[in-house]
Amino acid sequence: MRIHSKPLAYFYLALSMSLVGAYVALSKPLAATFPVLLLAWLRFGIGGVAMLGWLKRPAHEAPLPAKAKGLLFLESFFGNFLFTLCMITGVSMTSAVTASVTMATIPAAIALLSWLVLKERISGRVLIAISLAVLGIVLLALAKPAAGAHAGAAAGAAADADPGKHWLGQLLLVGAVLCEACYAVIGKKLTSSLSPKRIAALINLWGFVLTLPFGLYLAWHFDFGQVGTATWLLLVGYALAACMVTVWLWMTGLQVVPASQSAVFTVMLPLSTALVGVVFLGETLGGLQMLAFAIAVSSLALTTLPMPLRGRGQTVLQRDPD
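Residue positions are given per chain, counting from 1 as you read along its sequence in written order. Only residues with pLDDT of at least 70 are given local features in this predicted model, and only at 80 or more are side-chain atom pairs given and counted; all residues enter the totals for whole chains, interfaces and linings. Side-chain measures were taken over the full set of non-hydrogen atoms in the model, leaving aside hydrogen atoms and water.

*Asks:* Would you take a moment to explain the overall build of the protein chain for this structure?
*Replies:* Where helices and strands are cited, they refer to DSSP runs of H or I of at least four residues and of E of at least two residues respectively, numbered from the N terminus. For the protein chain, the helix and strand inventory stands at 13 helices and two strands. Partly exposed residues are those whose accessible area sits between 20% and 50% of the maximum for their type, while under 20% is buried and over 50% is exposed, using a 1.4 Å probe and protein chains only. When each of the 322 residues of the protein chain is scored for burial, the buried share is 52%. Any pair of residues with heavy atoms lying within 4.5 Å of one another is described as a contacting pair. Within the protein chain, counting contacts between residues at least 6 apart in sequence, those at least 24 apart form 88% of the total. Surface accessibility of the protein chain: about 14,500 Å² in total, with carbon and sulfur atoms responsible for 71%. The method behind every accessible area is Shrake-Rupley, applied with a 1.4 Å probe, and residues are considered shielded solely by the protein chains displayed.

Spelled out as structure tokens, the structure:
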């Protein structure tokens, strides 16, 4: 299905990032139960079963050229495999609130990657936004992780006992941001030749293959009897959202919206992550963390808001290119 309505595409992009932010936070209790690579393998396996019908090539699609196959692998390697490892491990070492602030730098990362890979010009405003994003991450790394009564408390206690673990978790979250930027840039190229459903199914298949040897080894040594029903239900919901729903929504929206413009909707990711962390995981926002969050969000605003143009005594907004 190809959509032609920009408002509907905007809704899909916003909903996709909101769901990503929610499962970033909810992956924390799952990472406390399953080893990270086993969790990733189970995620791709559940998603693969759900998307078996999406793997077949539609009659109107041409056979995959070699370049598209390579892009699909890279999309899965960065957007599925490395992002999952960096994100889940990073959240397990820090907190959902920490992840939310770091993820707020995604638009700036997309702008930087576009400059490095696509040779796009970066304005002075975006350079300032990138600087603010880095400042927000530095402030967050210096702050003690917020702790609450539930999962947040455990994260805060662990980080206090081992500050090096908190720093490593922060670096892994930065790695997840860079992986998400690669995912956005590569994804736009793929939507020109493949349907969103097939993209979602194929990159999930690659993710399953990449995690297969680790998953089999860890599953052999893991006691699945200790996993409760609630955890299994959370795992299924996480897998379907991460592998199937969010990818389809994002790729469908990218069919209409330029990749650079789509960056604005990643604001929903950190906001959703922070909301879930505070409401459901018992985490809190400290003063320095709120400052870091405000700085990171301001970098997002600088990156994505239209540039005001002045002329003839009045202010107009520059239109985004279609």
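*Asks:* Can you help me understand the packing of helix α3 (residues 66–93) against helix α9 (residues 196–220) in this one?
*Replies:* Two packed helices can be described by the angle between their axes and the distance between those axes. Where α3 meets α9, the axes come as close as 8 Å, and the angle between the chain directions of the two elements is 65°. Considering the relative orientation of α3 and α9, their crossing is right-handed. Two secondary-structure elements touch here, α3 through L72, F73, E75, S76, F77, N80 and F81 and α9 through L202, I203, N204, W206, G207, L210, T211 and F214. A fitted line through C-alpha atoms represents every axis, and for helices the fit uses only the stretch in contact; the resulting angles, taken between N-to-C directions, go from 0 to 180 degrees. Note on convention: near helix rotated counterclockwise from far helix by under a right angle means a left-handed crossing. Clockwise means right-handed.

*Asks:* Just to check I follow, could you spell out the packing of aromatic side chains for this structure?
*Replies:* Between two aromatic rings, the relevant description is the distance of the centres plus the angle of the planes. The pairing test for Phe, Tyr and Trp rings, Trp by its six-membered ring, is centres within 6.5 Å, and the orientation test on the planes gives stacked under 30 degrees, edge-to-face over 60, and tilted for anything in between. Counted by the stated rule, this structure contains eleven aromatic pairs. Plain terms: the ring middles of W41 and F208 are 6.0 Å apart, the flat faces sit at 20° to each other, and that makes the pair stacked. Highlighted residues: W41 in helix α2 (residues 36–50) and F208 in helix α9, separated in sequence by 167 residues. The exposure class assigned to W41 is buried, which follows from its relative accessible area of 15%. F208 sits in the partly exposed class, given a relative accessible area of 25%. Considering the side-chain rings of F73 and W206, the 4.9 Å spacing of their centres and the 75° angle between planes classify their relative orientation as edge-to-face.

*Asks:* How should I be thinking about the packing of α9 against helix α10 (residues 229–254) in this particular structure?
*Replies:* For the pair α9 and α10, the least separation of the axes is 8 Å and the interaxial angle reads 135°. One element, α9, and the other, α10, form an angle in the oblique class. Relative to α10, α9 is oriented so that their crossing is right-handed. Contact with α9, carried on its side by P196, K197, I199, A200, I203 and N204, involves C243, V247, W248, M251 and T252 of α10 and no other residues of that element. An angle below 35 degrees is treated as roughly parallel, one above 145 as roughly antiparallel, one from 65 to 115 as roughly perpendicular, and anything else as oblique.

*Asks:* Can you help me understand a nonpolar patch on the surface in this one?
*Replies:* Here the term patch refers to residues with relative accessible area over 30% and no salt bridge, with like charges joined within 9 Å and nonpolar side chains (Val, Leu, Ile, Met, Phe, Trp, Tyr) within 5 Å. Here a salt bridge means any side-chain nitrogen of Lys or Arg lying within 4 Å of a carboxyl oxygen belonging to Asp or Glu. A contiguous nonpolar surface patch, about 370 Å² in accessible area, is contributed by L112, W115, L116 and V117. As for its placement among the helices and strands, L116 is situated in helix α5 (residues 106–117).

*Asks:* What is the right way to read the environment of M17 from this model?
*Replies:* Counting through the fold element by element, M17 comes out in helix α1 (residues 6–33). The buried category is assigned to M17, whose relative accessible area is 2%. In this structure the C-alpha to C-alpha distance between M17 and M268, which are 251 residues apart in sequence, comes to 5.4 Å. If sequence neighbours within four positions are ignored, M17 has contacts with E180, W250, F265, T266, M268 and L269.

*Asks:* Would you take a moment to explain the nonpolar core for this structure?
*Replies:* For soluble globular proteins, nonpolar side chains are generally found buried alongside one another. Y23, F34, M87, M103 and Y238 are the most contacted members of the largest nonpolar core, which totals 72 residues. Contributions of two or more residues to this core are made by α1, α2, α3, α4 (96–103), α5, α8 (163–190), α9 and α10. At twelve residues, α10 tops the list of elements feeding residues into this core. Note on terminology: a nonpolar core comprises buried Ala, Val, Leu, Ile, Met, Phe, Trp, Tyr and Cys residues joined through side-chain atoms within 4.5 Å. Residues A104, A292, I295 and A296 belong to the second largest nonpolar core, which totals seven residues.

*Asks:* So what exactly am I meant to see when it comes to α10 here?
*Replies:* Multiplying 1.5 Å by the helix residue count minus one yields the expected span of that helix. Compared with the 38 Å implied by 1.5 Å per residue over 26 residues, the 36 Å span of α10 between its first and last C-alpha is a close match. Two axes are fitted around each residue, one to the seven residues ending there and one to the seven starting there, and the angle between them is reported as the bend at that residue. At A241, α10 is bent by approximately 40°, the largest bend along its length.

*Asks:* I'm lost on the environment of S5 in this one. Help?
*Replies:* Examined against the element boundaries, S5 turns out to sit in the segment before α1. We classify S5 as partly exposed; its relative accessible area is 32%. C-alpha separation for the pair S5 and V256, spaced 251 residues apart in sequence, amounts to 7.6 Å.

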